[in-house]
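Coordinate analysis (summary)
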Protein chains: 2
Amino acid sequence: MFQANPLLRRVSAPPIPRAVAWAGAYAGDHGDLIDLSQGAPGCPPAPLLLERLAETAGDGRLAGYGPILGEASLRDAYAAHVSQLYGAAIAGGDVAITAGCNEAFFVTVLALAGAGDAVLLPAPWYFNHEMTLSMLGIEARPLPSRAETGFVPDPDEAEVLIDERVRAVVLVTPNNPTGAVYPAHVVARFAALCARRGIWLILDETYRDFRAEDGPPHALLEAPDWGERVVQLYSFSKTYAVPGHRLGAIVAGRGLMCEIAKVLDCVQICAPRPAQAALAAALPELSDWRETERRKILSRAEAFRTAIEAVEGWRADALGGYFAFLRHPFDVRTDADVAEKLAAERGVLCLPGSWFGQEEGRHLRIAFANAPAAALTEAASRLNTFGETLHAAG
Amino acid sequence: MFQANPLLRRVSAPPIPRAVAWAGAYAGDHGDLIDLSQGAPGCPPAPLLLERLAETAGDGRLAGYGPILGEASLRDAYAAHVSQLYGAAIAGGDVAITAGCNEAFFVTVLALAGAGDAVLLPAPWYFNHEMTLSMLGIEARPLPSRAETGFVPDPDEAEVLIDERVRAVVLVTPNNPTGAVYPAHVVARFAALCARRGIWLILDETYRDFRAEDGPPHALLEAPDWGERVVQLYSFSKTYAVPGHRLGAIVAGRGLMCEIAKVLDCVQICAPRPAQAALAAALPELSDWRETERRKILSRAEAFRTAIEAVEGWRADALGGYFAFLRHPFDVRTDADVAEKLAAERGVLCLPGSWFGQEEGRHLRIAFANAPAAALTEAASRLNTFGETLHAAG
C-alpha cells in the first residue's frame, strides 16, 4: 500500500549530502575544511552579469511565461557562440534553453528512449545520468573506461555492446567524474559508430570551456546532417558561475527539437526567464571574463597536478576540465572508506569513485576547479601524512 | 533509424502555440484581440516582490547551487502559510520547492508510478497532465466529469475504475480546464477511497487562492497520517504573478519526499535560487496584495458570468478559479472549429474542450482571469453576433 515507484526506490539518494555529512565529523585539526566534492564554480559571477540579473529580475515584463524552448535572444546568442567555436552553422532554432544541464540530459533522454530501452554510458559515470536512466526504466549499460587508457572509452568496445535495445551513446567530455578530455578523433569514431548503427550520440559538454586546448573540441557539428544523430548539451552554470540561476542548453536538429519541446513543456513550461534575458544581453561582453576564469582554472589544474606528483603512492590517472581522478594507494581500503576518513580526519572532502559506478574502488574524484591553488597544495600535503596514519591504523 | 521515443511521438505538440496561430488570422474587424487562452496572470507582480527579486538576483551569494528540496526560508514560509490555511501542522521538511507546478506534477508522478502503471485523471483534464503521463508510459485513465454534475467527478464512479495497475488519483481543484471547484466533502470521499484502495491522492491546487469561498478547501491535511497518502501541489506563479520566475511547491510526507528528492536532483538539482529567497522574504508582506488580486479575479468571474447569461444559446457549465467551461450552441460544429473561427473572425482567443480530452466537442475553455471586466463583456457581445454568422455560414 502507498508505495512509491519501485524503479525509484532502487535509485540511491542524491550523494552530495552524504559526503557533506562526513565533513561534519572533521574537528579542524589540520586547518579549514577543503571542499573538493562538488563541480561547482568557486567564484562569484561577473559583476556585469550580476547587474544584468538584477535588472531583468526586477522587470515586471519578464515575470510572465516565456517561450517553451527559451528566449529568442539567448537562443540566438548561444547559437552564434556555438557556430563560432565549432565553425558550424547552428541557428537559434537548433537551441533549447533548459533549467541547467541535468534537465537538458533528462529531457533529451526521455525524448529518445523509454522504459525497456538501453543507453550506453561510459563508466565511471556522472551519477545523475545513471539515476535519470534508472528512474525512467532505461538500462544504463556500462561502457568501461580505464585508467590504462586515460579513462577514454573505446568505440570498438562500445560497438560490441550495442544491440537492438540501445537507443543512444552518452559521452561527457571533459569528463565528470574522471576529468578525461576525449580527443576529437575518438569523438568522431563514436559519431561514426552511432551513424552506422542508427542510434543517437548525446554529447554532454558541461565543462567544455575549461579545456587546455584552444579550438573546437570536435568536428561533428560541421556535418550538414549533424542534427539527425547528434545532441549536444551544455551548462551556463559552470562557465558563468550562475548554477543557482539554473540555465543550460540543448543543441539538436529540428525533428528531435519537436519532441524535446513536448517534454520541456511538461517538465517546466519554460526556463527561468529573467536570467535568460540577462545572460543573452551579457554573453557578448563576457568573453574576456570567460577566458580569465578559464586560465585561472587551468592554473589550478597545473597546481594540483604538480602537488599530487609529490605525494607518494597517489597518482592522478586523469585530470582535466573541473576534475581529477585520483588513485589512492591503499590495497585493503575501499574508496568510500578512504574518502570518509579523508574528510573526517584531514578535512579534505571529495567523492569516492564507486559513487560514479566505478567498481574497482581505487579512485577519488577531486573537483579541483573549486579551490584556489594554495588550498590544492595544502590538500596534497594532507594526503602525504594521511597515508601514514591510514596504513598504521590498518 | 535515429528515432525518438515512440511514446513521445504519440504525444501531441504543446497546444497553446497552435491556438496563437489562429489568432494570427484575425484582421482586427471587431477591435483588439481578446486573449482568453492561457491561465496566466494578467497583472504584473507586486512592486515589493519585484524589488526583492532584483535584490536577490543581483546577490552573488545566491548564484551558487542551493538545497535540492529548496531554500529553507521558503520551505518554512510556505509551510507556515499552508498550516494556517488548513489548520494543519505542516513543517518545512514536508515541502519541496519546484520550478513551477508542471514540474511538481511531473516529479510527483514519476516518484509514484512507472511505465505500465495507471493514474486516474478526471476528464476533461489539464493537457500537460495527460502529456506527462503518456510520455512516461503511464496510462492516463479517464474518470469522466460531466456538465450535469458541474464537472465534479464522482468517487463511486472512480472506485469502479481502480484496478491493481492504478497507483494514484489526480484531482485539480479549482479545476483546469473547467473551473469547477470540488466541494470539501467530495475531496474527502476521494481521500477515503484512495486510503481504502492503498493508492495516492494527488491534489493540484494551482488555483486555490482564487476560490470564492473563505476558509480551507478541504480537511485532509488535518489527519495526522495525511503524508502516507496525500500529495498537494501548488504554484506561486498564479497567486504572485511570477510564472516567468518558475516557482511551485509540493507538500508530501517524509517517506515520499525522499523519492521526490531523487527525481528533483535529476530534473534540475534545485529550483532557481534567487527567486526563492525573494519570495520567502516577501511572502509575509503580500497577504493584502494577494487578497486584492483575489477580489479582482472574483469580480471578473462575476462580470463574465453576468455577460454570458445574456448571450443566447451559450452557457457556462462551470465557472471558478481562473476558468469557465462554456457550452457553445452549434450542433454541427466541433469545438475546435468554433474556437478557430471565434479567434480568426471575432478576435476572441480561447481553447476547445477537446484539447483537454473532452470528446463531446461542445465546450470552450475561457481563461477569464487574464482579462479586465470590460474585455470580458466585450468578448460576450462578440459571441452574440458570432452565433448568427456561424449559423448562416452553415
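The rules behind these values
- Residues numbered from 1 in each chain as written.
- Chains lettered and ligands numbered in written order.
- Predicted model: local features only at pLDDT ≥ 70, side-chain atom pairs only at ≥ 80, totals over all residues.
- Heavy atoms only, no water.
- Helix = DSSP H or I, 4+ residues; strand = E, 2+ residues; numbered from the N terminus.
- Buried < 20%, exposed > 50% of the residue type's maximum accessible area, 1.4 Å probe, protein only.
- Areas by Shrake-Rupley, 256 points an atom, 1.4 Å probe, with all protein chains shown as cover.
- Lys, Arg positive; Asp, Glu negative; His and termini not counted.
- Charge placed at Lys NZ, Arg CZ, Asp CG, Glu CD.
- Salt bridge = Lys/Arg side-chain N within 4 Å of Asp/Glu carboxyl O.
- Pairing = 2+ DSSP bridges.
- Axes fitted to C-alpha atoms, helices over the stretch in contact; angles between N-to-C directions.
- Contact = heavy atoms within 4.5 Å.
- Buried area = accessible area lost by both parts, 1.4 Å probe.
- Polar contact = N/O pair within 3.5 Å; in protein donor to acceptor, adjacent residues only side chain to side chain.
- Nonpolar A, V, L, I, M, F, W, Y, C, P; charged D, E, K, R; others polar.
- Phe/Tyr/Trp six-rings, centres within 6.5 Å; stacked < 30°, edge-to-face > 60°.
- Lys NZ or Arg CZ within 6 Å of the ring centre and 35° of its normal.
- Core = buried A, V, L, I, M, F, W, Y, C linked by side-chain atoms within 4.5 Å.
- Parallel < 35°, antiparallel > 145°, perpendicular 65-115°, else oblique.
- Least-squares fit on C-alpha atoms with pLDDT ≥ 70 in both.

It is worth spelling out the overall build of chain A at this point. Scanning chain A for helices and strands turns up 14 helices and 13 strands. Considering only C-alpha atoms, chain A reaches an extent of 60 × 55 × 50 Å along its principal axes. Within chain A, the fraction of its 394 residues that count as buried is 65%. When the accessible surface of chain A is split by element, carbon and sulfur atoms take 53% of a total near 13200 Å². Averaging the positions of the 35 positive and the 47 negative side-chain charges in chain A gives two centres separated by 2 Å.

Once that is clear, we can look at the pattern of salt bridges. All names here are of chain B. Using the criterion set out here, one finds 54 salt bridges over all chains in the structure. Among the ionic pairs, Arg295 bridges to Glu291, the shortest N-O distance being 3.0 Å. Pair noted here: Arg295 and Glu291 are both in helix H12 (residues 287-309), with a separation of 4 residues, about one helical turn. Overall, the relative accessible area of 43% leaves Arg295 in the partly exposed class. Overall, the relative accessible area of 31% leaves Glu291 in the partly exposed class.

Residues and elements named next belong to chain B. A sheet is described by the order of its strands in space; here 7 strands give the open sequence E2-E8-E7-E6-E5-E3-E4, paired in mixed fashion. The strands lining the two open edges of the sheet, one partner per strand, are strand E2 (95-98) and strand E4 (139-144). Neighbouring strand axes in the sheet, compared pairwise and without regard to direction, differ in orientation by 25° on average. Packing against the sheet, helix H8 (residues 184-197) makes contact with E4, strand E5 (166-172) and strand E6 (200-204), and its axis sits at approximately 150° to E6.

Residue and element names in this part refer to chain B. An order of E9-E10-E13-E12 is seen for the 4 strands of this open sheet, with the pairing classed as antiparallel. Sheet topology places strand E9 (315-320) and strand E12 (351-352) at the edges, where each strand pairs with a single neighbour. Sheet topology places strand E10 (residues 323-327) next to strand E13 (residues 363-367); 5 bridges connect them, and they run antiparallel. Bridge pairing links Arg327 to His363 in E13.

What follows covers the interface of chain A and chain B. Contacts between the two partners involve 74 residues from chain A and, on the opposite side, 74 residues from chain B. Taken together, both faces of the contact between chain A and chain B bury some 5600 Å²; the carbon and sulfur share is 64%. Where chain A meets chain B, there are 0 salt bridges. Linking chain A with chain B are 36 residue pairs in polar contact (both at pLDDT 80 or more). At the level of secondary structure, the elements contributing two or more residues to the side of chain A that touches chain B comprise helix H1 (6-9), helix H3 (47-57), helix H5 (101-112), helix H6 (127-135), helix H8 (184-197), helix H9 (236-239), helix H10 (254-267) and helix H11 (273-282) of chain A. Counting residues per element, the side of chain A that touches chain B draws most heavily on H10 of chain A, at 7 residues. Looking at the side of chain A that touches chain B residue by residue, the class counts come to 45 nonpolar, 17 polar and 12 charged.

Time to look at the environment of Asn102 of chain A. Take Asn102 of chain A: it is sitting in helix H5. In the structure, Asn102 of chain A is positioned 39 residues away from Ala63 of chain A in sequence and 24 Å away in space, judged by C-alpha atoms. Once residues within four sequence positions are removed from consideration, Asn102 of chain A is found in contact with Tyr126 and Asn128 of chain A together with Asp265, Cys266, Val267 and Ile269 of chain B.

The next subject is the packing of aromatic side chains. This model, assessed by the stated rule, comprises 31 aromatic pairs over all chains. Summarising the aromatic geometry, the rings of Trp22 of chain B and Trp355 of chain B are spaced 5.1 Å apart at their centres and angled 45° between planes, so their arrangement reads as tilted. Of this pair, Trp22 of chain B sits in helix H2 (residues 16-23) while Trp355 of chain B sits in the loop between E12 and E13, placing them 333 residues apart in sequence. In this structure Trp22 of chain B comes out as buried when scored by relative accessible area, which is 13%. Arranged with centres 6.0 Å apart and planes meeting at 85°, the rings of Trp314 of chain B and Phe330 of chain B form a pair that is edge-to-face. In this pair, Trp314 of chain B is assigned in the loop between H12 and E9 and Phe330 of chain B in the loop between E10 and helix H13 (335-346), connecting sequence segments 16 residues apart. Here Trp314 of chain B and Phe330 of chain B have matching classes, each one buried. Aromatic ring contacts, followed pair by pair, group Tyr78, Tyr234, Phe236 and Tyr240 of chain A into a single cluster. In this structure, Arg18 of chain A is placed above the aromatic ring of Trp355 of chain A, and the distance from its NZ or CZ to the ring centre is 4.5 Å.

As a further point, take the nonpolar core. Met135, Ile260 and Phe368 of chain A together with Ile260 and Phe368 of chain B are the most contacted members of the largest nonpolar core, which has 180 residues in total. When sequence neighbours within four positions are dropped, the list of residues in contact with Ile260 of chain A reads Ala96, Val107, Thr108, Ala111, Ile250 and Ala252 of chain A. If you look at the next biggest cluster of nonpolar residues, it comprises 69 residues, including Leu53, Leu74 and Trp289 of chain A together with Tyr234 of chain B.

This part takes up the side chain of Asp94 of chain A. Residues and elements named next belong to chain A. Among the structural elements, Asp94 can be located in the loop between helix H4 (72-86) and strand E2 (95-98). For Asp94, a relative accessible area of 7% translates into the label buried. Among all residues touching Asp94, those that are not within four sequence positions of it are Ala89, Trp226, Ile250, Val251, Ala252, Arg254 and Met257.

Glancing now at the packing of H10 of chain A against helix H5 (residues 101-112) of chain B. Packed helices, taken two at a time, are described by the angle between their axes plus the distance between the axes. Running from amino to carboxyl end, H10 of chain A crosses H5 of chain B at an angle of 100°, the nearest separation of the two axes being 6 Å. By the angle class used here, H10 of chain A and H5 of chain B are roughly perpendicular. Between H10 of chain A, through Asp265, Cys266 and Val267 of chain A, and H5 of chain B, the contact on the second element is made entirely by Asn102, Glu103 and Phe106 of chain B. Per-class residue counts for the contact of H10 of chain A with H5 of chain B are 3 nonpolar, 1 polar and 2 charged.

Superposition of chain A onto chain B requires a rotation of 180° combined with a translation of 0.0 Å along the rotation axis, giving an RMSD of 0.0 Å. In the structure described here, the two chain copies are related by an operation that fits a two-fold rotation axis. Closest to the rotation axis within chain A is the C-alpha of Ala54 of chain A, separated from it by 2.1 Å. When the interface residues of chain A are mapped onto chain B, 100% of them again fall at the interface, so both copies present the same face.

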